[in-house]
Amino acid sequence: MTEMVHREKAHVLPLDSIRGIAATSVVIHHLLLMPTFLAAFPHNAWINCSFFRSSWLLVDLFFVLSGIVMSLSYVESDFGRFSLREFMARRLARVYPLHIVMLMANLLFRLLRIGLVMAGVVVAAPAAFEVNNAYSFGLNVLLLHSMGFIDYLSWNAPSWSISVEFYTYLVFGLIVLLAQRMRSLLWFYVLCGALAISSLVFIIFVLDKRSLGLQTDFGILRCFVSFFLGVLTVRIVDRLPAKPGPAVQGVLQFAAMIASIALVSVAETNPAATFLAPVTFAIFLGSLLAFPDALLVPRMLVAGPLVWLGKRSYSIYMVHALVVLLAEYFVRAVGAGRIAALDSVWAGLPATLNLVVSLAAVLAVSHFTYLYIEIPGGRFMRNVLGSRRDFARSPAPSARLTN
C-alpha cells in the first residue's frame, strides 16, 4: 500500500504580508497603550490614532487567515486523505518551539527580577510571582492557559491566542475526520458554518458580550467564529462566478481593504462593530484569494519589506510582549525629569522614540527567533513526531465524495 504524505501548499505572499502588517500593528497597539508608557510620557506618540489603539482586533484577522490556510492545505486538495495525527503534529511543530522558548525567557526574567528585588537592587511590589505562578506556568506548557482554567492573562500574554487556536485546530481536524467518514465535503462546510454561527450567537446572546474582545473568557469561541469563517471563505471563493476585469477587481479589493481599516478604527467608539470584524476581514482576504492579479493591492503586498514581515509575523507577535516589558523598565530608569526635558523640545518626541526603538528591537529579536528557533525548532519537532509510521497518511477512499 502506497503511503501518501501531506505536503503543505506554498504560501500566498499577499496573505503572508497581511499577517506581518497585522502583527506589527498589534505591537504598536501595545506600545501606545501600556499603562507605564501612558503615565511616563507627557504626550502621546505621533502615530497615536484610533486604528492602532484598536489593533487588538487584528487577532481576529489572524484567526480568519488560519482558517483560510488550513482549508487550502488540508481540505480543498486533500479531503479524503486527512490524517489527524499528522495534522496535529504539524500544528504543534509550528507553534510550540517558539512558545516554549518565550515561556522560558519570561520565567528567567521573572526569576531575575525576584533576585534583584531581594538583593535591593530594584524596588518592586510584590516581589514574588503574582498571576505568573506555577499553576499558570503548567497550563502554558500544555497550551491550556486560555481554555477556562484561569481567568487572567499570564506569562507571555499574547500567547492566549495560540492556546485557543491550537485547540481550534483539533476541532477542525475532528470535523474533517467526521466529514471524511461521511464522505461528504458538503457536510464539512455545513458543520463549519454551524460552529461559526452558533459561537457568535452564544457570545452575543448568552454571554451578553458588548464586543468581540474575549480572551481568557471564552476566547476559543471568538477563535471559532473567525477561523471557521475563514474556512468557509475558501469555499465561497472557489464557487464565485466569472471574474470581472483587473480594474474592477482592484476597486473591489481596495474597497474591502478600506472597509477593514475603517472597521478597526471605529471599534474604539463603537465596540459592537467588532462583531462585524470576522466577516469584513474574510471579505478582504477572500478578495486577495479570488483576485490575485488585481491591479493595486496584491502588487503592494509582495513588496520585499512586507514579505519579510510576513515571514516573521509569528515571531513578531510572540516576542513583542517581553521586549515591551524590558522597554517599560528602561523608561522607568530614564526618569520623569529627562523625559519631560525631551518632551519640551518637541511634544510627543519621547513617546515616539520609545515606540520606534522598541519596534526596531522587536523586529531584530524576531528575525533571530525566526531563523534560529522557529525554523530549526519546527523541523526538529516534525522529524520527532513524524518519524513513526502512524503519522503517514492512508490512501484516499475509493468511493466518490459528494460535494
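Residues numbered from 1 in each chain as written. Predicted model: local features only at pLDDT ≥ 70, side-chain atom pairs only at ≥ 80, totals over all residues. Heavy atoms only, no water.

Per an unreviewed UniProt entry, the recorded name for the chain is Peptidoglycan/LPS O-acetylase OafA/YrhL, and the organism is Bradyrhizobium ottawaense.

Focus on the overall build of the chain
Where we set the bar: Note on conventions: DSSP H or I runs of at least 4 residues are helices, E runs of at least 2 residues are strands, and numbering of each starts at the N terminus. For the exposure calls, accessible area comes from a 1.4 Å probe over protein chains only, and a residue counts as buried if that area is under 20% of its type's maximum, exposed if over 50%, partly exposed in between. The contact criterion used throughout is that any non-hydrogen atoms of two residues lie within 4.5 Å. To be clear on the numbers: accessible area is Shrake-Rupley with a 1.4 Å probe, and residue cover counts the displayed protein chains and nothing else.
When helices and strands are tallied, the chain shows 16 helices and zero strands. When the 403 residues of the chain are sorted by exposure, 51% land in the buried category. Considering only residue pairs separated by 6 or more positions, the chain has 79% of its internal contacts joining residues 24 or more positions apart. For the chain, the exposed surface amounts to about 18600 Å²; the carbon and sulfur share of it is 69%.

With respect to a nonpolar patch on the surface
Selection criterion: Every patch collects residues that have over 30% relative accessible area and no salt bridge, joining them within 9 Å if they carry like charges and within 5 Å if they are nonpolar side chains (Val, Leu, Ile, Met, Phe, Trp, Tyr). For this analysis, a salt bridge means a side-chain nitrogen from Lys or Arg found within 4 Å of a carboxyl oxygen belonging to Asp or Glu.
A surface patch of nonpolar side chains, amounting to about 600 Å² of accessible area, comprises Trp46, Ile47, Leu342, Val345, Trp346 and Leu353. Residue position: isoleucine 47 is located in the loop between α2 (35-40) and α3 (50-53).

Notes on helix α9 (residues 219-238)
Operational definition: One fewer than the residue count of a helix, multiplied by 1.5 Å, yields its expected span.
Between the first and last C-alpha of α9 there are 29 Å, a value that for 20 residues agrees with the 28 Å anticipated at 1.5 Å per step. Taken across its 20 residues, α9 has 18 buried, putting it largely inside the fold.

Notes on the packing of aromatic side chains
The criterion, for reference: Here the aromatic set is Phe, Tyr and Trp, taking the six-membered ring for Trp, and pairing holds for ring centres within 6.5 Å; pairs whose planes are under 30 degrees apart are stacked, those over 60 apart are edge-to-face, and all others are tilted. Placement of a positive charge over a ring is assigned whenever Lys NZ or Arg CZ falls within 6 Å of the ring centre and within 35 degrees of the normal to the ring plane.
On inspection of all chains with the given rule, the structure shows 21 aromatic pairs. With a centroid separation of 4.7 Å and an interplanar angle of 80°, the aromatic rings of tyrosine 74 and phenylalanine 87 are classed as edge-to-face. Remark: phenylalanine 87 occurs in helix α5 (residues 84-118) and tyrosine 74 occurs in helix α4 (residues 58-74); sequence separation between them is 13 residues. Pair check on accessibility: tyrosine 74 and phenylalanine 87 agree, each one buried. Ring pairs connect the aromatic residues Tyr74, Phe82, Phe87, Tyr169, Phe172, Phe188, Tyr189, Phe224, Phe227 and Phe228, which therefore count as one cluster. One residue, arginine 91, lies across the ring of tyrosine 169, its end atom 5.5 Å from the ring centre.

Regarding the layout of surface pockets
Short version of the rule: Definitions used throughout: a 1 Å grid over protein atoms alone; a cavity as a set of points that fits a 1.4 Å probe which cannot get out; a pocket as an open set with protein on both sides within 12 Å along at least five of seven lines; a lining residue as one with an atom within 4 Å of a point. Grid points are joined across faces, edges and corners, and a volume is the space filled by probe spheres set on the points. In this classification, Asp, Glu, Lys and Arg are treated as charged, Ala, Val, Leu, Ile, Met, Phe, Trp, Tyr, Cys and Pro as nonpolar, and every other residue, Gly included, as polar.
There is about 780 Å³ of room inside the second largest pocket. Lining of the second largest pocket is provided by 31 residues; of these, Met34, Leu153, Ala157, Ala321 and Glu328 occupy positions nearest its centre. By residue number, the principal contributor to the lining of the second largest pocket is helix α14 (residues 313-334), which donates nine residues. Looking at the lining of the second largest pocket residue by residue, the class counts come to 16 nonpolar, nine polar and six charged.

Remarks on the side chain of serine 287
In this fold, serine 287 is placed in helix α11 (residues 277-290). On the basis of relative accessible area, serine 287 is assigned to the buried category, the value being 8%. Setting aside its immediate chain neighbours within four residues, serine 287 contacts Gln253 and Ala256.

A few points about empty space enclosed by the protein
The full count for this structure, using the stated rule, is one cavity of 30 Å³ or more. Its boundaries defined by the atoms lining it, the largest cavity holds a volume of some 90 Å³. In this structure, the largest cavity is lined by Leu31, Leu32, Phe37, Leu38, Phe41, His43, Asn44, Ala45, Asn48, Ala351, Asn354 and Leu355. Looking at the lining of the largest cavity, the elements with two or more residues in it are α1 (13-33), α2 and α16 (349-385). Broken down by element, the lining of the largest cavity gets its largest block of residues, three residues, from α16. Here the residues of the lining of the largest cavity sort into eight nonpolar, four polar and no charged.

Remarks on α16
Note the threshold: What is called the bend at a residue is the angle between a pair of axes, fitted to the seven residues leading up to and ending at it and to the seven starting from it.
Counted at 1.5 Å a residue, the expected span for α16 with its 37 residues is 54 Å, and the 50 Å between its end C-alpha atoms agrees. Along α16, the helix axis deviates most sharply at tyrosine 370, where the bend reaches about 40°.

A few points about the nonpolar core
Rules: Only buried Ala, Val, Leu, Ile, Met, Phe, Trp, Tyr and Cys residues count toward a nonpolar core, and they belong to the same one when joined by side-chain atoms within 4.5 Å.
Counting 108 residues, the largest nonpolar core has Phe87, Phe172, Phe188, Phe228 and Leu285 as its most contacted members. Here this core takes twelve residues from α9, the largest share from any one element. In this structure, phenylalanine 172 is in contact with Met70, Ser71, Tyr74, Val75, Phe87, Phe188, Phe227, Phe228 and Val231, ignoring residues within four places of it in sequence.

Side note on unusual backbone geometry
Phi angles above zero are rare outside glycine, and tryptophan 155 is one such case at about 50°. On the basis of relative accessibility, which here comes to 6%, the residue tryptophan 155 falls in the buried class. For aspartate 208, which is not glycine, the phi torsion reads 55° and is therefore positive. Residue position: aspartate 208 is located in the loop between α8 (185-206) and α9.

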